[in-house]
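Chain residues, written in single-letter form:
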Amino acid sequence: MNRCRCLVFNAALGVLDYRVPSGMDVEPGSVVVAPLGPRQIIGVVWDTERLPDQDVPEHKLRPLLQVLPVPPLPQPLRRLIEWCADYYMASLSQVARMALSSSAALRGGGTVTEYRLTGHEPTRLTPQRLAALDLLHDQQATIRELAEIAGVSDAVLRGMVNAGMLEAVTVDSDRPYPHADPHHADPDLSEAQAAAAARMVEAVRAHAFRPFLLDGVTGSGKTETYCEAIAAALEEGRQVLVLLPEIALTEQFLRRFEARFGATPVTWHSSLKSSERRRAWRQVASGGAQVVVGARSALFLPFARLGLIVVDEAHEISFKQDDGVRYNARDVAVMRGHFEQVPVVLASATPALESLQMAEAGRYERLVLPDRFGGATMPAISIVDLREDVPERGRWLAPSLVAALKDRLLKGEQSLLFLNRRGYAPLTLCRTCGYRFQCPNCSAWLVEHRLSQRLACHHCGHEVPPPPACPECNEPDCMVACGPGVERIADEVAEILPTARVELVTSDTLTSAAKAAEFVERANARAIDVIVGTQLVTKGFHFPELTLVGVVDADMGLEGGDLRAGERTYQQVAQVAGRAGRGEKPGEVLIQTRHPEAPVIAALAAGDRDAFYEAEAESRREVGAPPFGRWAAIIVSSEDEAEARDAARAIGGTQPRLDDVLILGPAPAPLSLLRGRYRYRLLINARRSTELQKILRGWLDPLRLPPGVRVAVDIDPYSFV
Ligand code: ADP
Ligand code: ZN
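Here the structure is a predicted model, which means the values were calculated and not measured.

Novice: Which residues make up the overall build of the protein, and what values do they have?
Specialist: For the protein, the count of helices and strands is 20 helices and 29 strands. For a compact globule of 721 residues, the expected C-alpha radius of gyration is about 27 Å, and the protein comes in at 27 Å, within 12% of that figure. Referenced to the eigenvectors of the C-alpha coordinate spread, the extents of the protein come out at roughly 85 × 75 × 65 Å. When burial is assessed residue by residue, the protein has 54% of its 721 residues classed as buried. Long-range pairs, those at least 24 residues apart, make up 75% of the contacts in the protein with a sequence separation of at least 6. Carbon and sulfur atoms make up 50% of the accessible area of the protein, which totals about 31,400 Å². The protein carries 80 positive and 91 negative side-chain charges, and their two centres are separated by 5 Å.

Next comes the structure, spelled out in structure tokens:
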């Protein structure tokens, strides 16, 4: 071949033809450097027959400059990239870019110089050096990264190197990871665990695409069970990918994995240092990384010999990416399993209705773990009707919940209060004039965070210190907090139980894997009496001493018209309830609500999961919602409100009129202003069999809109704001 076609990493161009100079070897998947105008650009050689013809005459072709020293992207990954681009309506190069997620790795192996503290501390230190010393404890990274961590300039750190306070360490980016041993500590499985494990192990050995729904109650030992499948893949010399929904859960998983296999797996998430990314990416591509645990982005890593994919807590909505390529990692994982011809395990105690439906239709094999491991019983769940059991004025915890908290404290047991709202209060206003503090970039209230003394927007990150006076009427010290956030609940607990050790757990406090590990340690060491947390504490954690769970506001998720509100509330409450009574002592769950009659709440109280899923399925069937029908959203945005509105109207005006396809809108999005952009939405509902993407392309591709307008298509949307 003397010419080839490349996906080049430039959104506007996409696919270009090049000449392959003699002596250069390329094949589909080769990662190359190509000329583009006066610049050089990275690209991937693609299978010519799968792309439309370009008919560029031979003499116009420019030669490729270089093949980068990494293995070509494997064929199954190329098929996955094509599928994602097609299904989620993104460009091929946009998706392919996710697979080449470490630019350092592409330059080949080699060494990086990192620095760490030597322990030498001169007697007189500048305040900057003193502060850096504190923050750099136990860190090893490049000067640039350390400067970031310590919040000082590179020059300060170079000075510290010269003063002998920091030393250089050479890091080889291709050094192998410790070896995981499939039989390091084989567990004794229960009968149900063994039966489920056997099915997965068989599929791993068969090297066959087989999707499993590992449906086990909280505490049934799903992790132990799928670890048997991991062991089988290791024995086969195959690699394994485990997806987890939150970095905060990773730390706990790493420990359990290490206990089981004698080595920690490779981690992959957005906060890796660039040297760690480079090493991980290269080891994945060479086959050296045996097991990778990661966030959704790990799905696009170039595994050389993948043998199994596990998606833990598969119902979690954080697997859905809501910007860039808007994909659902759970679904992409199944597709990757299909192209790789390997089994995929979706593990959950509260599966998505979509996944249950696939199991019912026989497309997924359902493996059930009906009981908690080791004889632990499921917690007793009761409802606290806030209309009768009324909290004291200005408080949020009902007397019965307060009594239960006191009782646990006396017995030396742990409690957990769950409220899915960060900060102190969701809304702050001026006592005198009623002014509401709002984000300048978003149509959202600013949330008061007392601990960090900030008013913050949870959508764009805008932050201001609380002003000394009302910006509207100038009244000093005017702010009143409306409604509770976790910080306020923690304050309330501290007032009610002055001797209790209360710990807040949110994404504001568990900011790193290390902090998460310390939290787990404290909880297990019984150094915490009451945990107050957001959705971060609802899943995964296993604290044997925790016997009481209080859900502060079960109605919160039901407000606001989200299509999956019922399911999400059910999952969240069932998951957080699942943290109670996992050890020897039985657990109790109190759910505060004003709507005990709502079907979700009633099903939770009765512990009747099937009733909930049946009712939910019925109501979705009626409105053609997933899994019975399909949704897509079109989000039209611009920094100029009139431009956004006009573009949305123009799109609405050319909508196709088709039987079986219902188009709602355009209407201002609930979050009508987000990060400074005005937003309009259209929602499309169609039958399952409808070729939605084809319709959308035929509709949107011909439109010519002003350059300031962005049109994003969200296939199978989860967010409706
Ligand atoms: P799930 O993820 O299903 O909620 P876990 O995997 O966290 O449950 O298991 C609950 C607890 O039971 C954990 O402490 C786990 O180590 C323990 N466990 C489960 N199965 C076994 C087993 N076969 N042998 C020993 N311990 C087990
Ligand atoms: Zn904002």
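That was the structure; now back to the text.
Novice: Which residues make up the pattern of salt bridges, and what values do they have?
Specialist: Taken as a whole and judged by the stated rule, the model has 45 salt bridges. For the salt bridge of Glu58 with Arg3, the shortest nitrogen-to-oxygen distance reads 3.5 Å. With Glu58 in the loop between β4 (39-46) and β5 (66-67) and Arg3 in strand β1 (residues 3-8), the pair connects residues that are 55 residues apart, well separated along the chain. In this structure Arg3 comes out as partly exposed when scored by relative accessible area, which is 25%. Arg387 is the partner of Asp385 in a salt bridge, and the nearest nitrogen-oxygen pair spans 3.0 Å. Among the residues examined, Asp385 registers a relative accessible area of 13% and is labelled buried. Residues joined by salt bridges that share partners form a network here, namely Glu354, Arg564, Glu567, Glu616 and Arg620.

Novice: Tell me what's going on with the site of ligand 1, and back it up with residues and numbers.
Specialist: In the vicinity of ligand 1 lie 15 residues, with Asp188, Gln193, Gly219, Lys222 and Arg256 positioned nearest. Here Thr223 contributes a side-chain N or O atom positioned 3.2 Å from an oxygen atom of ligand 1. In this structure, His542 approaches ligand 1 through a side-chain N or O atom, which is 3.0 Å from an oxygen atom. Relative to its free-state accessible area of 560 Å², ligand 1 is covered by the protein chains to the extent of 80%. Looking at which element gives the most residues to the shell around ligand 1, the answer is helix α8 (residues 222-235), with three residues.

Novice: Please give an account of the coordination of the zinc ion (ligand 2) that cites residues and values.
Specialist: Taken together, Cys439 (SG), Cys442 (SG), Cys457 (SG) and Cys460 (SG) make up the protein donors of the zinc ion (ligand 2), found 2.2 to 2.4 Å from the metal. With four donor atoms in place around the zinc ion (ligand 2) and angles of 104 to 115° between them, the coordination shape is tetrahedral.

Novice: Help me get a handle on the domain arrangement of the protein, residues and values and all.
Specialist: Annotation of the protein at the domain level lists domain 1 (3-100), domain 2 (111-172), domain 3 (191-374), domain 4 (376-421 + 484-617), domain 5 (422-483) and domain 6 (629-715). Here the C-alpha centre of domain 4 lies 42 Å away from the C-alpha centre of domain 2.

Novice: I'd like a rundown of a negative patch on the surface, residues and numbers included.
Specialist: Together, Glu360, Asp608, Asp610 and Glu614 give the surface a local cluster of negative charge. By the element assignment, Asp608 lies in the loop between α17 (599-606) and α18 (609-623). A residue is classified by how much of its surface remains accessible, and Asp608, at 34% relative accessible area, is partly exposed.

Novice: Talk me through helix α10 (residues 274-286); I want residue IDs and the actual numbers.
Specialist: A rise of 1.5 Å per residue sets the reference length of α10, with its 13 residues, at 18 Å; its end C-alpha atoms lie 18 Å apart and thus fit the reference within 8%. For α10, the buried fraction is high: 10 of the 13 residues fall into the buried class. Backbone geometry just after α10 places Gly287 at a positive phi near 95°.

Novice: Outline the nonpolar core, listing residues and values.
Specialist: Ranked by internal contacts, the top residues of the largest apolar core, which has 122 residues, are Phe300 and Phe519. Per element, the largest residue contribution to this core is seven residues, and it comes from helix α1 (residues 75-87). Listed in part, the 31 residues of the second largest apolar core include Leu214, Ala231, Phe257 and Phe261.

Novice: Account for the packing of aromatic side chains, naming residues and giving values.
Specialist: All told, the structure shown has 13 aromatic pairs when counted by the stated rule. Centroid distance Tyr435 to Phe437: 5.1 Å. Interplanar angle 85°. Geometry classified as edge-to-face. On the accessibility criterion, Tyr435 (24% relative accessible area) is partly exposed. Relative accessible area serves as the criterion here: at 4%, Phe437 is assigned to the buried category. Taking 5.5 Å as the distance between ring centres and 10° as the angle between the ring planes, the aromatic pair formed by Phe541 and Phe543 counts as stacked.

Thresholds applied
Residues numbered from 1 in each chain as written. Chains lettered and ligands numbered in written order. Predicted model: local features only at pLDDT ≥ 70, side-chain atom pairs only at ≥ 80, totals over all residues. Heavy atoms only, no water. Helix = DSSP H or I, 4+ residues; strand = E, 2+ residues; numbered from the N terminus. Rg over C-alpha atoms; globule rule 2.2 N^0.38 Å. Buried < 20%, exposed > 50% of the residue type's maximum accessible area, 1.4 Å probe, protein only. Contact = heavy atoms within 4.5 Å. Areas by Shrake-Rupley, 256 points an atom, 1.4 Å probe, with all protein chains shown as cover. Lys, Arg positive; Asp, Glu negative; His and termini not counted. Charge placed at Lys NZ, Arg CZ, Asp CG, Glu CD. Salt bridge = Lys/Arg side-chain N within 4 Å of Asp/Glu carboxyl O. Near = heavy atom within 4 Å. Polar contact = N/O pair within 3.5 Å; in protein donor to acceptor, adjacent residues only side chain to side chain. Donors = N, O, S within 2.8 Å, 3.2 Å for Na, K, Ca; no water. Tetrahedral: all angles 85-135°; square planar, octahedral: opposite > 155°, others 65-115°. Domains from an automatic or database assignment. Patch = residues over 30% accessible without salt bridge, like charges linked within 9 Å, V, L, I, M, F, W, Y side chains within 5 Å. Expected span 1.5 Å × (residues − 1). Core = buried A, V, L, I, M, F, W, Y, C linked by side-chain atoms within 4.5 Å. Phe/Tyr/Trp six-rings, centres within 6.5 Å; stacked < 30°, edge-to-face > 60°.

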